Protein chains: 2
Amino acid sequence: MEYRERILRFIEEIKTSCLPSVSMDFVVFGFHEGQLKVLLLKWQGVDTWMLPGGRVRMDENMEDAAYRSLRERTGLAEVFLQQFHTFGNVIRNTYYAMEETRTKLGFSAEDFEGLPHRDISVGFYALVEYTKVNPTPGLELALDPFTEQIQWCNVEEVPQLLFDHNEMIQVALKTLRRQLSYQPIGYTLLPDQFTMPQLQQLYETILGQRLDRRNFQKRMLSYGILERGEKFQNGGAYKAPYLYRFDREKYQQALAEERLLVV
Amino acid sequence: MEYRERILRFIEEIKTSCLPSVSMDFVVFGFHEGQLKVLLLKWQGVDTWMLPGGRVRMDENMEDAAYRSLRERTGLAEVFLQQFHTFGNVIRNTYYAMEETRTKLGFSAEDFEGLPHRDISVGFYALVEYTKVNPTPGLELALDPFTEQIQWCNVEEVPQLLFDHNEMIQVALKTLRRQLSYQPIGYTLLPDQFTMPQLQQLYETILGQRLDRRNFQKRMLSYGILERGEKFQNGGAYKAPYLYRFDREKYQQALAEERLLVV
DNA sequence: TCAAAAGTGTTTAGCATACACCCATGC
DNA sequence: GCATGGGTGTATGCTAAACACTTTTGA
């Protein structure tokens, strides 16, 4: 039974090559059709959805592990990724959570023995470009045989999740809102080229409030990290907006000079 | 040999009742004679200083563990305590760091076997009232038999510490500065009653810059969480300053209304 | 020619900064 | 009476918010 083998090897890998009782969870934000989305996944044989997670290998820096895990899940290498809080309540009982999956998949308690019972989890949030992520379980299925489904879900419509994962999303969102209001990190949620109204819509969605067009444009341009391109006619019965492109180099430069950080 | 027993029991305790590969480190700030201080400790038989740390028990929430550990170290129950970052680089090799101590104390490798080799560490920073902390190893020595000395050290004069502990202090300081500049958390570093010039000196020390007296007072009073008391004559040849008291109730109230958070 | 959405500039208000004089006290 | 440090109020400037008209385009 090949599937059984994969599960057992996966468990063995966790037990032998990963730090016990430490996990990472990812709040992956995407933006599509005016909606802020998060990536959720579901295990085999369980009805509860959860955030994608990962573990730190013995010889691996945690930050590297985070990038690796996220790459394995989304296929994306260049993303905005940042830890925002570490969660350590006892309700995070990994062992208990796995019991249901284990019995439904027909494994014995011995098969799963030696796995960490309780995890401290470092929460990361990521901003990714929606269209670049293919949320069908592909590559990562080979690495995580428990995953049955991966899906985008509107932030407002997230169901009851495993453990404290709902709280994680809320804390991530709060962090995102605060960061967004004093440094321009939203660009990574949009395609390479975007219009000012698109950017504004993104900000309005994340912050949950309407913004003034003129003031918004002024502020964005004042950072000096946007490059204006051609006009873009999408077929609407109105004036064509300009396309903008986020200039990474200027952004890094500005960050280094702490011009953007209104701390 | 009683001391040997205590060490062995301590190690056993870590192995059996604490989460493996998770630790906490504390940047404990105090303020005395115009200087910002941090609490440092030194292990038996090692010359390297380090931050006080702690571990999470199997059945304990991490935040509770943090308060417990800090109480064991400082004897303080009511302090400002907050996680600020989680550190996970591979240089944090606990096992290697203990080797020196182990050999100097005359223990064999077997005695120390089964201890975590590498820790992810959750960094907390605490603001305590300097005079309320007795930094001589008392209570906590019974709990942590490795500790030889605990001492306050000026933030600017911190020597090279274990692992990434110097970086931890820097990150904690940065967090403290940012928080201080948009919410009034400094009060916990001062005695119950304090004068406005004292508070200002504290702010100036933490932020590393001089502030205008008049604007400072205006800002502090505008929060509406200070209660003015009697005048205080400390014997100086000048006008007696007022004593102020921090009103916890009003502070909580203001926090709840998010009046103080200039996010 | 009309509706829908985008581009743009000026006025205004509020908050943070800058700044100076008088007062209490001990020597 | 003088030096030291503390208390207080006002003027100023800058940034963020408020606000309206013109332009392009497709139907």
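The structure this text deals with has already been given above.
The following refers to the structure shown. Quantities reported herein were computed from a predicted structural model and do not represent experimental measurements. (Residues numbered from 1 in each chain as written. Chains lettered and ligands numbered in written order. Predicted model: local features only at pLDDT ≥ 70, side-chain atom pairs only at ≥ 80, totals over all residues. Heavy atoms only, no water.)

### Observations concerning the protein's contact with DNA strand C
We apply this condition: By convention in these notes, a residue is near a molecule or strand provided one of its non-hydrogen atoms lies within 4 Å of it. Any pair of nitrogen or oxygen atoms within 3.5 Å is treated as a polar contact; in protein, a donor-acceptor pairing is required on top of that, and neighbouring residues in sequence qualify only through side-chain atoms on both sides. Think of it this way: any DSSP run of H or I at least four residues long counts as a helix, any run of E at least two long counts as a strand, and we number them from the N terminus. Polar here means any residue outside two lists: the nonpolar Ala, Val, Leu, Ile, Met, Phe, Trp, Tyr, Cys and Pro, and the charged Asp, Glu, Lys and Arg; Gly therefore counts as polar.
Close to DNA strand C lie 22 residues, the nearest being R213(A), K218(A), R214(B), N215(B) and A237(B). Within 4 Å of the protein, the atoms of DNA strand C are drawn from sugar and phosphate moieties in a proportion of 44%. Between a phosphate oxygen of DNA strand C and a side-chain N or O atom of Q217(A), the distance comes to 3.2 Å. A distance of 3.3 Å separates a sugar or linking oxygen of DNA strand C from a polar atom in the backbone of Y238(B). Mapped by element, the contributors of at least two residues to the surface near DNA strand C are α7 (213–222) of chain A together with α7 (213–222) of chain B. Partitioning the surface near DNA strand C into residue classes produces seven nonpolar, five polar and 10 charged.

### Overview of the sheet that holds strand β9 (residues 226–231) of chain A
All names here are of chain A. Spelled out, the test is: Here, any two strands with at least 2 DSSP bridges between them count as paired. Note on definitions: angles span 0 to 180 degrees between N-to-C directions of axes, and those axes are lines fitted to C-alpha atoms, for helices only across the stretch in contact.
Pairing is antiparallel in the open sheet, where three strands are placed in the order β8-β10-β9. What marks the edges here is a single partner per strand, and that holds for β8 (193–195) and β9. Put simply, the sheet's adjacent strands are angled 40 degrees from each other on average, direction ignored. Of the strand pairs in this sheet, β8 and strand β10 (residues 242–246) are connected by three bridges, and their pairing is antiparallel. Of the residues in β10, the one forming a bridge with T195 is L243.

### Topic: the pattern of salt bridges
Residue and element names in this part refer to chain A. As a reminder of what qualifies: Between Lys or Arg on one side and Asp or Glu on the other, a salt bridge is scored when a side-chain nitrogen of the former is within 4 Å of a carboxyl oxygen of the latter. The rule is simple: take the accessible area with a 1.4 Å probe, protein chains only, and divide by the maximum for that residue type; under 20% is buried, over 50% is exposed, in between is partly exposed.
Under the defined criterion, the tally for this structure stands at 27 salt bridges over all chains. Among the ionic pairs, E60 bridges to R68, the shortest N-O distance being 2.7 Å. Owing to a relative accessible area of 10%, E60 belongs among the buried residues under this scheme. A salt bridge links R68 to E72, with the shortest nitrogen-to-oxygen separation between them at 3.1 Å. Remark: E72 and R68 occur in helix α2 (residues 62–74); sequence separation between them is four residues, near one turn of the helix. What makes R68 buried here is its relative accessible area of 11%. Salt bridges sharing partners connect three or more residues here, namely D25, R92 and D164.

### What to know about the relation of the copies chain B and chain A
Put simply, the test is: Copy-to-copy alignment: least squares on C-alpha atoms, limited to residues at pLDDT 70 or above in both. The contact rule is simple, with two residues in contact once any of their heavy atoms fall within 4.5 Å.
Structural alignment of chain B on chain A gives an RMSD of 0.1 Å, achieved by rotating through 180 degrees and translating 0.0 Å along the axis. Such a combination of rotation and displacement between the chain copies is what one expects of a two-fold axis. When you check the interface residues of chain B against chain A, 100% turn up at the interface there too, and the contact is symmetric in its surfaces.

### Structural notes on the pairing of β10(A)
Bridge count for β9(A) against β10(A) is four bridges, and the pairing is antiparallel. Bridge pairing in β10(A) places L226(A) opposite F246(A).

### Some remarks on the environment of G224(B)
Structurally, the position occupied by G224(B) is in the loop between α7 and β9 (226–231). Along the backbone, G224(B) and Y251(B) are 27 residues apart, and their C-alpha atoms lie at a distance of 8.1 Å.

### Points about the interface of chain B and chain A
The criterion, for reference: Buried area counts how much accessible surface, traced with a 1.4 Å probe, disappears from two parts once they are put together, with both parts' losses summed.
In this complex, chain B contributes 24 residues to the contact, which on the side of chain A involves 24 residues. Around 1,900 Å² of area is buried between chain B and chain A when both sides are counted, 58% of it from carbon and sulfur atoms. Counting across the chain B and chain A interface gives 17 residue pairs in polar contact (both at pLDDT 80 or more). Of the residues in the side of chain B that touches chain A, the class split is 11 nonpolar, eight polar and five charged.

### Some remarks on the packing of aromatic side chains
Just so we agree on the cut-off: Aromatic contacts are taken between Phe, Tyr and Trp rings whose centres are within 6.5 Å, Trp giving its six-membered ring; a plane angle under 30 degrees counts as stacked, one over 60 as edge-to-face, and the others as tilted. A positively charged side chain is recorded as over a ring if its NZ (Lys) or CZ (Arg) lies within 6 Å of the ring centre. The angle to the ring normal must also be within 35 degrees.
If you walk through the whole model with that rule in mind, you get 28 aromatic pairs over all chains. Summarising the aromatic geometry, the rings of W43(B) and F146(B) are spaced 5.5 Å apart at their centres and angled 40 degrees between planes, so their arrangement reads as tilted. Residue W43(B) is located in strand β2 (residues 35–43), and its partner F146(B) is located in the loop between α4 (139–143) and β7 (147–154); the two are separated by 103 residues in the primary sequence. The buried category is assigned to F146(B), whose relative accessible area is 1%. An aromatic cluster is defined as three or more aromatic residues linked by ring pairs; in this entry it consists of F10(A), W43(A), F107(A), F112(A) and F146(A). When the ring centre of Y242(A) is taken as origin, the NZ or CZ atom of R228(A), which lies over that ring, is 3.6 Å away.

Geometry only, nothing functional implied.
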